[in-house]
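Tertiary structure, described
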Amino acid sequence: MSNYASLDIPANEPERQFYFIDKCREIISEKENTLGRKLTCGIFTFGCQMNFHDSEKIIAILDQIGFEHTESENADFVLYNTCTVRENANERVYGRLGQLKPKKKKNPHMLIALCGCMMQEEHVVQKIRKSYKYVDIVFGTHNIYKFAELLYTRLTSDDQIIDIWEEAKEIVEDLPVERKYSFKAGVNIMYGCNNFCSYCIVPYVRGRERSRKPEDIIKEIEAFAKDGVKEIMLLGQNVNSYGKNLSPNVTFSELLRMVEEIQGIERIRFMTSHPKDLSDELIETMKNSKKICRHIHLPLQSGSTEILARMNRRYTKEDYLKLADKIKTAMPDIAITTDIIVGFPGETDEDLEETLDVVRKVGFDSAFTFQYSKRSGTPAATMDNQVTDEDMTRRFNKLLAVVQEVAAERTGRWEGGIYPVLVEEVNTHDSSMVTGRLSNNTVVHFPGDESLIGQIVNVKLNECKGFYYIGEEII
Ligand code: 5AD
Ligand code: SF4
């Protein structure tokens, strides 16, 4: 980056990035003057909550630079924040990139950027370098905070800018974050994952576990609370091992208790929990809390002890059942949701029966179900007995039917009761209704208007419609 070495650039973060935000703003405002209109940006996010939260950081930076946000891919700046957990997500990105090429030909101001987990894979970057030369900026999961600097580099040169870091160098605090909702916000508490489940690419693309310091997290949430945020979602690939690499050590429960103290925060959520690390202390903390929501996302992946061992999950079917029981005994009103993979190498119909048995015994309130996708570089990719597409589809459909039956039954158990609902938005299909969530994350629609957004109101759950409720406000 020698082209601006002579400029007076701050060496420290985040000051350095604020400097580049200013620099980009100057260039963009010149372009605005030439074009006689604002420049627009469209950010398209694939994958998990972590990616959505990363996108909020990028949107905030683009906002400060002067871009207007749009949902359209005809924007002047289009960014795909990618996911690579399953192969079909990669294919979709290539497909959409192909469709951008003619758009870019028509609009010489158009910039295209790619970031996220897929970019941490070498073969992907090679392919972009070779076959997608019209992509302007490529960066990864460890240097999102450098986005303004990368954009500036691109705006002041004609080169394709590719900057991928093998690992995180530092955790940069205090960059702007844009919130989609005024009343709820996501907060990263840790990055990366150390678990190396044998099917999963995340530890390779997101790096080792790094926890943020509790004081930085608390400061961020306090600022949100002052700004009117009522619900906080604490984010990490494995929140139960939060704080293990900090000195002094802090447990996740201790962090939750600190968040609980923050005035103005009324609901605390977190994800994701790994069953092997979920402590009794956490169950106790949740049980005694008035703010921690009655919902736990606890990925099962498989109900077969043999498959779990080969997945490197480090718990058995019985461990999982015992843990779920413990949670339900402590908090009978809790909703447990999960992730399940079918078709892991070597899986048999008997293994699937074990999974179905756990689904029925635990009674999941909902489950994300996935067909196993081979990720090169992971141990499972080279395991024997890869499952055929035919078996995979058959098992997937069987699992889905059982999951839906169990989930509908579980969701229905609140019918007739009156519960607090945090209202999130006006219903997208019927503008005389609003949509919100119970503490246990169940969706509720009821008559109301915009003025209720962000409020917690009592709602009678009149009718369960499978996965959601229709209710009425009780004043
Ligand atoms: N194939 C299918 N599903 C996967 N997941 C992670 N890796 C794979 C894979 N290779 C699922 C897991 C995880 C969720 C986020 O994605 O269920 O919990
Ligand atoms: Fe992937 Fe396992 Fe880490 Fe979750 S815990 S991100 S499934 S390696």
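These notes cover the structure that comes with them. Keep in mind it's a predicted model, so treat the numbers as computed, not measured. Within any chain, residue numbers begin from 1 and follow the written order of that chain's sequence. In the order they appear in the text, chains get letters beginning with A and ligands get numbers beginning with 1. Only residues with pLDDT of at least 70 are given local features in this predicted model, and only at 80 or more are side-chain atom pairs given and counted; all residues enter the totals for whole chains, interfaces and linings. For side-chain calculations, the full set of non-hydrogen atoms in the structure is used, while hydrogens and water are omitted.

Re the sheet that holds strand 13 (residues 335-342)
Strand pairing in a sheet relies on backbone hydrogen bonds. The paired strands run either parallel or antiparallel. The condition is simple: At least two DSSP bridges between two strands are needed for those strands to be called paired. Counting from the N terminus, the helices are the DSSP runs of H or I reaching at least four residues and the strands are the DSSP runs of E reaching at least two. The angle between two axes is taken between their N-to-C directions and runs from 0 to 180 degrees, where each axis is a line fitted to C-alpha atoms and a helix contributes only its stretch in contact. Pairs of residues are marked as contacts when any of their non-hydrogen atoms sit within 4.5 Å.
Read from one edge of the open sheet, three strands run 12-13-14, paired in parallel fashion. Edge positions in the sheet fall to strand 12 (295-297) and strand 14 (366-371), since each has one partner strand and no second. Strand-to-strand twist of the sheet, defined as the mean angle between neighbouring strand axes without regard to direction, takes the value 15°. Of the pairings in the sheet, the one linking strand 12 to strand 13 comprises three bridges and is parallel in character. Bridge pairing in strand 13 links Ile 296 to Ile 336. Across the sheet, helix 11 (residues 317-330) is in contact with strand 12 and strand 13; its angle to strand 13 comes to roughly 160°.

Let's talk about the state of the cysteines
This is how the line gets drawn: We call a pair of cysteine sulfur atoms a disulfide when they lie within 2.5 Å. Burial classes: relative accessible area under 20% of the type maximum marks a residue as buried, over 50% as exposed, and values in between as partly exposed (1.4 Å probe, protein chains only).
Tallied over the full model, the rule gives zero disulfides. The thiol of Cys 24 is unpaired, and the distance to the nearest cysteine sulfur, on Cys 41, comes to 13 Å. Judged by relative accessible area, Cys 24 falls into the buried class, the value being 0%.

What about the pattern of salt bridges?
A side chain of one charge can pair with a side chain of the opposite charge when the charged atoms of the two come close. To be explicit about the condition: By definition here, a salt bridge exists when the distance from a side-chain nitrogen of Lys or Arg to a carboxyl oxygen of Asp or Glu is within 4 Å.
Evaluation of the coordinates by the stated rule reveals 34 salt bridges. With a shortest N-O distance of 2.8 Å, Arg 154 and Asp 136 are connected by a salt bridge. Of this pair, Arg 154 sits in helix 5 (residues 147-155) while Asp 136 sits in the loop between helix 4 (122-131) and strand 5 (137-139), placing them 18 residues apart in sequence. Looking at Arg 154, the relative accessible area reads 15%, which means it is buried. Relative accessible area serves as the criterion here: at 3%, Asp 136 is assigned to the buried category. Residues Lys 317 and Glu 354 are paired through a salt bridge, measuring 2.8 Å at the closest nitrogen-oxygen approach. Separated by 37 residues along the polypeptide, Lys 317 in helix 11 and Glu 354 in helix 12 (residues 349-362) bring together distant segments of the chain. The class for Lys 317 is buried, based on a relative accessible area of 9%.

Focus: the site of ligand 1
What counts, and what does not: Near is defined per residue: the residue qualifies when any heavy atom it owns lies within 4 Å of the molecule or strand. Counted as a polar contact is a pair of N or O atoms within 3.5 Å, where, for protein atoms, one must be capable of donating a hydrogen and the other of accepting one, and residues adjacent in sequence contribute only when both atoms are in side chains. Under the convention used here, a 1.4 Å probe and the Shrake-Rupley method define accessible areas, while residue burial counts only the protein chains that appear. Here the nonpolar group is Ala, Val, Leu, Ile, Met, Phe, Trp, Tyr, Cys and Pro; Asp, Glu, Lys and Arg are the charged ones; every other residue, Gly included, is treated as polar.
As a structural note, the neighbourhood of ligand 1 is formed by Val 85, Arg 86, Tyr 199, Gln 301, Asp 339, Ile 341, Phe 370, Gln 371, Tyr 372, Ser 373 and Arg 375. Note that an oxygen atom of ligand 1 is positioned 2.6 Å from one of the side-chain N or O atoms of Asp 339. Protein contact buries 86% of the 410 Å² of open area that ligand 1 shows by itself. Counting only elements with at least two residues in the shell around ligand 1, the list comes to strand 13 and strand 14. Grouping the amino acids of the shell around ligand 1 by side-chain chemistry returns five nonpolar, three polar and three charged.

Regarding the site of ligand 2
As a structural note, the neighbourhood of ligand 2 is formed by Cys 193, Asn 195, Phe 196, Cys 197, Tyr 199, Cys 200, Val 202, Pro 203, Gln 237, His 274 and Arg 313. Of the residues in the shell around ligand 2, the class split is seven nonpolar, three polar and one charged.

A short note on the packing of helix 1 (residues 15-35) against helix 2 (residues 49-65)
For any two helices packed against each other, the geometry comes down to the angle between their axes and how far apart the axes lie. Heads up, the condition is: To sort the angles, those under 35 degrees are grouped as roughly parallel, those over 145 as roughly antiparallel, those from 65 to 115 as roughly perpendicular, and the leftovers as oblique.
The N-to-C vectors of helix 1 and helix 2 enclose an angle of 50°; their axes lie 8 Å apart at closest approach. By the criterion of interaxial angle, the relationship of helix 1 to helix 2 is oblique. Mapping the contact onto sequence places Phe 18, Ile 21, Cys 24, Arg 25 and Ile 28 in helix 1 and Ile 61, Gln 64 and Ile 65 in helix 2. Partitioning the contact of helix 1 with helix 2 into residue classes produces six nonpolar, one polar and one charged.

Observations concerning the pairing of strand 4 (residues 111-116)
Rules: With its strands directed away from the observer, a crossover is right-handed exactly when the path from the first strand over the helix to the second travels clockwise.
With six of six residues buried, strand 4 lies mostly within the body of the structure. Covered by surrounding structure in strand 4 are Leu 111, Ala 113 and Cys 115 together with Ile 112, Leu 114 and Gly 116, the residues of both alternating faces. Where strand 3 (residues 77-82) lies against strand 4, six bridges are found, and the strand directions are parallel. Each bridged residue has a counterpart across the sheet, and for Leu 79 the counterpart in strand 4 is Ala 113. Crossover strand 3 to strand 4 through helix 3 (residues 87-106) is right-handed. For strand 4 and strand 5, the ladder comprises two bridges, and the chain directions are parallel. Among the inter-strand pairings, Leu 114 is bridged to a residue of strand 5, identified as Val 138. Taken together, strand 4, helix 4 and strand 5 constitute a β-α-β crossover, and its handedness is right-handed.

Digging into the sheet that holds strand 18 (residues 456-464)
Reading around the circumference, 15-16-17-19-18 is the order of the five strands in this closed barrel, with mixed pairing throughout. Going from strand to strand, the sheet's axes swing by 55° on average, the running direction of each strand aside.

Some details on the packing of aromatic side chains
Note the threshold: Stacked, tilted and edge-to-face are the three classes assigned to paired rings of Phe, Tyr and Trp, where Trp is represented by its six-membered ring and a pair needs centres within 6.5 Å; plane angles under 30 degrees give stacked, over 60 edge-to-face, the rest tilted. To sit over a ring, a charge needs its Lys NZ or Arg CZ within 6 Å of the ring centre and within 35 degrees of the ring normal.
As enumerated under the stated definition, the model contains 18 aromatic pairs in all. Arranged with centres 5.2 Å apart and planes meeting at 85°, the rings of Tyr 19 and Phe 20 form a pair that is edge-to-face. The pair formed by Tyr 19 and Phe 20 is uniform in burial state, with each residue classed as buried. With 5.4 Å between their ring centres and 50° between their planes, Tyr 181 and Phe 183 make a pair best called tilted. Given the relative accessible area of 3%, Phe 183 is considered buried. Joined through ring pairs, the aromatic side chains of Phe 67, Phe 77, Phe 139 and Phe 147 make up one cluster. In this arrangement the basic side chain of Lys 127 is found over the ring face of Tyr 94, its NZ or CZ atom lying 4.0 Å from the centre. Just above the ring of Tyr 181 sits the side chain of Lys 184; from NZ or CZ to the centre is 4.8 Å.

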